[in-house]
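# Report on the structure
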Amino acid sequence: MKLSLASIALLAASASAFTTSPAGHVSTRLAVAPGETKASEKVVQAFADKPEEDPEFDALVKSNFPGAINNRDLATRVVELLEEKGFDPSNTLLATSLCADELARVLEDEFVSIYGNNFNLGGLSGFPFAGNTGWGAMSAHVPDDGFCLTIHGPHVGITKEGQIGKVERSGIALVDTCCGSAVAASNYLKGITDGSANINPRIQQFTDFQQGAVQELILPFGKRLARADERMRELPYALYDSQEVMVTDIVNSGKASIKQGLAVLGGIQINTAPDQLDYFHPLRFDYYDADGNLVENMLPYLR
């Protein structure tokens, strides 16, 4: 493929935007503002206007996703655990690798209202497409002697009637697919496993390279999804396992950039109707110290 001079200049400019700071120089360009309110108090404020838990719908979600908890309970438990380690709104940078879908902003916005600014590492289906370069840039923006909370994972919808892979959206009569990128990748994979697919030789074209990457990254899970009792229920877990490999590699490669400490929360976002609380199935909650050592698995405290 030939690139024009203009395209090369554009790519160079994009790369320079994510260039990490030289050793010894700490950037705080995101200007995380000092907070006077404790994070635990901000959780109460963040969910003040959210709906109360619906016991019947709560049971429906948990019957389909055992281990899931609503976002209010998730935020409460995460913040309490991190406060014990020194995380607060004035010294913590939030970083997320979540899908581009607006429904993925629900969880993101809830944690932004607690900790402040967010550095976006993710793209379609929640894969960390910002990669090592994005992680390096994000690390440079963590406040001096501060912490980073990274949240990552794919998402899936569930309707009030319990249909998985669909969700009611605000202002739209159609009960829509969720996650669209994941379902498209699943359909592509199904076509390969049953022999009906037309392989696209232009899968990595720049105009849709993220979706092309999602389709390739899910290829190893063809048999797993084909054998699943409920393909749409299993799909986000297959995507998570694929993403976890990438996230772990990125975190391990960037250990030297950790300042005071790093918490990594991974799992499945479960999007619901606008009048219901969203849910999250936590699958990882790790804490790394300033030297990049994994010192605690905090996942049991979220269950």
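Thresholds applied
- Residues numbered from 1 in each chain as written.
- Predicted model: local features only at pLDDT ≥ 70, side-chain atom pairs only at ≥ 80, totals over all residues.
- Heavy atoms only, no water.
- Buried < 20%, exposed > 50% of the residue type's maximum accessible area, 1.4 Å probe, protein only.
- Helix = DSSP H or I, 4+ residues; strand = E, 2+ residues; numbered from the N terminus.
- Arc of directions from axis to C-beta.
- Contact = heavy atoms within 4.5 Å.
- Polar contact = N/O pair within 3.5 Å; in protein donor to acceptor, adjacent residues only side chain to side chain.
- Axes fitted to C-alpha atoms, helices over the stretch in contact; angles between N-to-C directions.
- Parallel < 35°, antiparallel > 145°, perpendicular 65-115°, else oblique.
- Left-handed = near helix turned anticlockwise from the far one by under 90°.
- Nonpolar A, V, L, I, M, F, W, Y, C, P; charged D, E, K, R; others polar.
- Pairing = 2+ DSSP bridges.
- Salt bridge = Lys/Arg side-chain N within 4 Å of Asp/Glu carboxyl O.

Turning next to helix H3 (residues 55-64). The complete set of buried residues in H3 reads Phe 57, Asp 58, Val 61 and Asn 64. Angularly, the buried residues of H3 cover 135° about the axis, an arc narrow enough to put them on a single face. Away from the buried face of H3 by more than 90 degrees, exposed residues Pro 55, Glu 56 and Ser 63 are located. Residues of H3 that are buried in the fold lie against helix H10 (231-253), strand S8 (261-271) and strand S9 (279-289). For H3, the capping residue at the N-terminal end is Asp 54, with a side-chain oxygen 3.1 Å from the backbone nitrogen of Glu 56.

At a minimum axis separation of 9 Å, helix H2 (residues 39-46) and helix H4 (residues 71-83) run at an interaxial angle of 165°. It follows from the interaxial angle that H2 and H4 lie roughly antiparallel. Classified by chirality, the crossing of H4 by H2 is right-handed. Taken together, the residues of H4 that come into contact with H2 (itself represented by Ala 39, Ser 40 and Val 43) are Ala 75, Thr 76, Val 79 and Glu 83. A per-class count over the contact of H2 with H4 returns 4 nonpolar, 2 polar and 1 charged.

The next subject is the packing of H4 against helix H5 (residues 105-115). At a closest axis distance of 11 Å, the pairing of H4 and H5 adopts a crossing angle of 40°. Note that H4 runs across H5; the crossing there is right-handed. Between H4 and H5, the residues in contact are Asn 71, Leu 74, Ala 75, Val 78, Val 79 and Leu 82 and Val 106, Leu 107, Glu 110, Phe 111, Ile 114 and Tyr 115, respectively. Tallied by class, residues from the contact of H4 with H5 come to 10 nonpolar, 1 polar and 1 charged.

It is worth spelling out the side chain of Thr 92 at this point. Within the secondary structure, Thr 92 is located in strand S2 (residues 92-97). On the basis of relative accessibility, which here comes to 0%, the residue Thr 92 falls in the buried class. In terms of polar contacts, Thr 92 uses its side chain to reach the backbone carbonyl oxygen of Asp 88, at 2.9 Å. Looking at Thr 92, its side chain comes within polar contact range of the side chain of Asn 91, at 2.9 Å.

Inspection of helix H8 (residues 209-217) places Gln 211, Gly 212, Ala 213, Val 214 and Gln 215 among the buried residues, and these make up the whole buried set. Each element contacted by the buried residues of H8 is listed here: helix H7 (180-193) and H10.

A large share of S8 lies buried, amounting to 11 of its 11 residues. Where strand S4 (residues 147-152) and S8 come together, 6 bridges link them in parallel fashion. Its bridge partner lying in S8, Phe 147 is registered against Gly 261. The sheet contact formed by strand S5 (residues 155-157) and S8 spans 3 bridges and is parallel. Counted as the bridge partner of Val 156 is Ile 270 from S8. As paired elements, S8 and S9 share 10 bridges and run antiparallel to each other. Within S9, the position partnered with Gly 266 by the bridge is Arg 284.

Before going further, it helps to spend a moment on the side chain of Thr 96. Within the secondary structure layout, Thr 96 lies in strand S2. With a relative accessible area of 0%, Thr 96 lands in the buried category. One polar contact links Thr 96 to Glu 108, side chain to side chain, over a distance of 2.6 Å. In this view, Thr 96 contacts Glu 108, Asn 118, Phe 119, Asn 120, Leu 121, Gly 122 and Ile 151; residues no more than four positions away in its chain are not counted.

A few words on the pattern of salt bridges. Pairing between side chains of opposite charge can happen when their charged atoms approach one another. Taken as a whole and assessed by the stated rule, the structure comprises 12 salt bridges. For Glu 108, the salt bridge goes to Arg 105, with nearest N and O atoms at 2.8 Å. Here Arg 105 and Glu 108 lie together in helix H5, a separation of 3 residues that amounts to about one turn. Judged by relative accessible area, which is 9%, Glu 108 ranks as buried. Residue Arg 105 is classed as partly exposed on the basis of its relative accessible area, which comes to 22%. A salt bridge links Asp 241 to Arg 224, with the nearest nitrogen and oxygen atoms 2.7 Å apart. Of this pair, Asp 241 sits in helix H10 while Arg 224 sits in helix H9 (residues 222-227); the two residues are 17 residues apart in sequence, bridging distant segments of the chain. On the basis of relative accessibility, which here comes to 29%, the residue Arg 224 falls in the partly exposed class. Via salt bridges that share partners, Asp 101, Glu 102, Arg 169 and Asp 176 belong to a single interconnected network.

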